[in-house]
Structures are given as C-alpha cells and as structure tokens.
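The residues making up each chain are set out below.
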Amino acid sequence: MTCRRLVLPVLCLLLAVLGTAGQAQAVGYRYWSFWDRNSTADTADTWVYATQGPSTARPSDGDVQGFRFSVSEDSKDSAKPRGAADFATICAKTPAREGSKRVGLVLDFGTTADAPSGSTPPSPRTACALIDDDATTADALAAVAKPLRYDTNALLCAIAGYPTTGCGEPVADDRPKTSASPGTEAKSNPSEGKGNGDGGPSVGLLAGIAAVAALGAAATWQARRRRN
C-alpha cells in the first residue's frame, strides 16, 4: 500500500470537515410568541409561555396576555413582552359591562434586531379589549389591534399590520439575541454557543480537525515505514 493511497482519503475527510464549518449555524424563527401574565398574591407578576394558541385560548375577565415579536429557536429562549403594566392600569378607563369581559393586552413589537429587513418596529403598547364572555384571545386582538394577518395554517403572522410580510420564517442565528426578560436586552457572549465568537469554527470542530490531521500524519509514517 502506498502513501498516496493512505493519505488521500484522510485529506478528503479533512476537507469535508472544513467545508461544513461555515454551515454550522443555528437557525431561529421570526414570529409572534403568545404569553399569559401569571399574577398571584404570593409571587410577582411573571410571563408564562401560553399553552394554547390565541384562536383557542379563552381568557377570563381581568386576565392580562402578551404578544412579543422576536427571533428565537423555541419557547425556551423566546423573548418575553416588556413592560410591567397590570390589569388595573391597562383597563382603568374601560368599565365592566354585563355579558362581557375585559382582557388586558401587552403588544411588544420587538427590537430592530428582530425586525425584517427594511422594517422599523412600532413602540410597545397596551390595550384593553372589551369582548363577549365566550370570546377568544384572537377575538380580543381583533377588537383592538387590527389589521391581523394569518397564514393558511392559522398561524398569527402580523398584529396591527406588523410585519407587513413574512410569517415564522427561519433566520440564520448570526445576530445578537434579544432578552427573554422584560425591559432588558441581552448581549451576545462569545464564550457561549457553538461558535468561537468571531464566525470561525467551534472548539469541538477544531479538535476534530486536529484529530483528522493526526490520523493523516500517522498514515504517512506507516506508509513510509512499510516502503523502507
């Protein structure tokens, strides 16, 4: 067996590993996330990711629900609505009415980092929806935040006309992530994630390349030893 026969497969493997380095980027999705404000006497108000969609959720009178437009991989890292307005503040000017319920809505259109190219997000705002007792959250949105836009699978794509295009599209994760906590913006940490912070290959990838290189060197030495 010649050196050429041993080394070429190793070099091919090395080139294949290097070729995938630029493709190892995580992907997030740009969409409106849906949240419930959890208010109890024992704990401070917290946002909880909703377990139902707005078309099936039926809030009660006095509930506060939120929507946040952002880019995230899933519900675990999704950014929460910003702001601390409670029901009493949001619906202070909307009196109760028999046969109806009042639902406070927090609408957070996200940051410029989350916005589609060429779009500027509106400022966050709140609204008090006065709707029928059996109405859904989608009905509440339709009452105070038109125009709404849905896709063919009933996915909520736009609130108050924002954004004008797109719906849950994948986004390469090469931008700073927004904060999952109200009122703050997260900064990217070069020491976290799969990359090394400057767009280069990860530590694990470099280790793999080193191992392949070592294998190539060993193959070369073995081939020369057999020839001699």
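Whatever comes next refers back to the structure up there.
All residue numbers here refer to positions counted from 1 along the written sequence of the relevant chain. Totals for whole chains, interfaces and linings use every residue, but because this is a predicted model, local features are given only for residues with pLDDT of at least 70 and side-chain atom pairs only at 80 or more, for both listing and counting. Working from all heavy atoms in the structure, the side-chain values ignore hydrogens and water.

Peer 1: Tell me about the packing of aromatic side chains, and please be specific about residues and values.
Peer 2: We call Phe, Tyr and Trp rings a pair once their centres come within 6.5 Å, taking the six-membered ring for Trp, and we label the pair stacked below 30 degrees between planes, edge-to-face above 60, and tilted otherwise. In the structure shown here, the tally under the stated rule is six aromatic pairs. Where Trp32 meets Phe109, the ring centres are 5.4 Å apart and the plane angle is 80°; that geometry is what we call edge-to-face. Taken together, the residues Trp32 in strand 1 (residues 27-38) and Phe109 in the loop between strand 4 (100-108) and strand 5 (125-132) connect sequence positions 77 residues apart. Centre to centre, the rings of Phe109 and Tyr162 are 6.0 Å apart; their planes meet at 75°, and the pair counts as edge-to-face. With Phe109 in the loop between strand 4 and strand 5 and Tyr162 in the loop between strand 7 (156-158) and strand 8 (170-172), the pair connects residues that are 53 residues apart, well separated along the chain. Put simply, DSSP marks the helices as runs of H or I at least four residues long and the strands as runs of E at least two long, and each gets a number from the N terminus on.

Peer 1: Residue-level account of helix 3 (residues 137-144), with values.
Peer 2: Turning to helix 3, its buried residues are Thr137, Ala138, Ala140 and Leu141. Buried residues of helix 3, viewed axially, fall in a sector of 155°; they line one side. In what follows, a contact means two residues having at least one pair of non-hydrogen atoms within 4.5 Å. Considering only its buried residues, helix 3 is in contact with strand 1, strand 3 (64-72), strand 4, strand 5, strand 6 (149-150) and strand 7. The residue sitting at the N-terminus of helix 3 and contributing the capping side-chain oxygen is Thr136; that oxygen lies 3.4 Å from the backbone nitrogen of Ala138. Whether a residue is buried, partly exposed or exposed follows from its accessible area with a 1.4 Å probe, protein chains only, as a fraction of its type maximum: under 20%, in between, or over 50%, in that order. Note: the arc covers the axis-to-C-beta directions of the helix. In protein, a polar contact requires one atom able to donate a hydrogen and another able to accept it; more generally it is a pair of N or O atoms within 3.5 Å, and residues adjacent in sequence count only if both atoms are side-chain atoms.

Peer 1: Could you give me a rundown of unusual backbone geometry, with the residues and numbers involved?
Peer 2: Cis geometry marks the peptide bond from Lys146 to Pro147, where omega comes out at 0°. Looking at the secondary structure, you find Pro147 in the loop between helix 3 and strand 6. Along the chain, Tyr162 connects to Pro163 via a cis peptide bond; the corresponding omega equals -5°. Within the element layout of this structure, Pro163 appears in the loop between strand 7 and strand 8. Even without glycine at this site, Ala154 takes up a positive phi of about 65°. One can find Ala154 in the loop between strand 6 and strand 7.

Peer 1: So what about the pattern of salt bridges? Which residues, and what values?
Peer 2: Whenever a carboxyl oxygen of Asp or Glu lies within 4 Å of a side-chain nitrogen of Lys or Arg, that contact is scored as a salt bridge. Per the stated rule, a full pass over the model turns up five salt bridges. As a salt-bridge pair, Arg102 and Asp61 come within 3.8 Å of each other at their nearest N and O atoms. With Arg102 in strand 4 and Asp61 in the loop between strand 2 (46-49) and strand 3, the pair connects residues that are 41 residues apart, well separated along the chain. Linking Asp108 and Arg68 is a salt bridge whose minimum nitrogen-to-oxygen distance equals 3.6 Å. Here Arg68 lies in strand 3 and Asp108 lies in strand 4, a separation of 40 residues in the sequence.

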